[in-house]
Amino acid sequence: MNIFEALRESHERQRDMVRQVEATSGDTPERHERFTELKRELAAHELAEDRHFYRPLMEHDAGIDLSRHAIAEHHALDELVEDLEAADPGSSAWLAVARKLGEKVRHHLEEEEHRFFQMAGKLLTEKQKTELAQQYLKTYDEAKAVAA
């Protein structure tokens, strides 16, 4: 497995989780559970991706702006998660923020898969792509275990 395959697996989980959160209604245990799962997934993915995808890309001049942009988007996602944590889960405002989070997640994933992966494919060696996948998965699994 290479880094792109590892990231795509997490991306598919995120897309599915976003859909599940957006499909919930009211202040229900299901909404709390789905949101908690999404929050853990995003946090573990961001940590591992920043460390084992974007940091190595920043070693290349062509990867600096790309990486900064992606990390800034991660920060924006984190802020929306914080907004959801502070909001009343039974309110329509909560769902509006959840939908905004979903839109941002989908945009970010599409941008990564269609722009960032192509650039990274040119900058990273095949050996790096495989090693980064192993490191990403290890950090991701550790972060998910701590969050559980």
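Keep in mind that what you see is a predicted model, and the values were worked out from it rather than measured.

Caption draft 1: Examining the overall build of the protein chain more closely. Assigned secondary structure in the protein chain consists of five helices and zero strands. Counted from the first residue to the last, the protein chain has its helices and strands arranged as α-α-α-α-α. Taken over C-alpha atoms, the radius of gyration comes to 16 Å for the protein chain, in line with the 15 Å a tight globule of 148 residues would show. Across its three principal directions, the C-alpha atoms of the protein chain cover 50 × 30 × 20 Å. In the protein chain, which comprises 148 residues, the share counted as buried stands at 42%. Considering only intrachain contacts with a sequence separation of at least 6, the fraction spanning at least 24 residues in the protein chain is 78%. Surface accessibility of the protein chain: about 7800 Å² in total, with carbon and sulfur atoms responsible for 51%. On the protein chain, the mean spot of the 21 positive side-chain charges and the mean spot of the 32 negative ones are 2 Å from each other.

Caption draft 2: The packing of aromatic side chains, seen in detail. Counted according to the given criterion, the structure contains seven aromatic pairs. Taking the centre distance of 5.9 Å and the plane angle of 20 degrees together, the rings of Y136 and Y140 count as stacked. You can see Y136 and its partner Y140 sitting in helix 5 (residues 126-147), four residues apart, about one turn around the helix. Following the ring pairs from residue to residue traces out a cluster consisting of F4, F53, Y54, F116 and F117.

Caption draft 3: Focus on the nonpolar core. Among the nonpolar cores identified, the biggest contains 21 residues, and I3, F53, L57, L124 and Y136 are the most heavily contacted of them. When residues of this core are traced back to their parent elements, those giving at least two are helix 1 (3-22), helix 2 (29-57), helix 3 (61-86), helix 4 (92-123) and helix 5. If we skip the residues at most four places from it in the chain, Y136 touches I3, A6, L7, S10, H45, A48, E49 and H52. Within the second largest apolar cluster, 16 residues are counted, among which are V21, L80, L84 and L101.

The rules behind each value
- Residues numbered from 1 in each chain as written.
- Predicted model: local features only at pLDDT ≥ 70, side-chain atom pairs only at ≥ 80, totals over all residues.
- Heavy atoms only, no water.
- Helix = DSSP H or I, 4+ residues; strand = E, 2+ residues; numbered from the N terminus.
- Rg over C-alpha atoms; globule rule 2.2 N^0.38 Å.
- Buried < 20%, exposed > 50% of the residue type's maximum accessible area, 1.4 Å probe, protein only.
- Contact = heavy atoms within 4.5 Å.
- Areas by Shrake-Rupley, 256 points an atom, 1.4 Å probe, with all protein chains shown as cover.
- Lys, Arg positive; Asp, Glu negative; His and termini not counted.
- Charge placed at Lys NZ, Arg CZ, Asp CG, Glu CD.
- Phe/Tyr/Trp six-rings, centres within 6.5 Å; stacked < 30°, edge-to-face > 60°.
- Core = buried A, V, L, I, M, F, W, Y, C linked by side-chain atoms within 4.5 Å.

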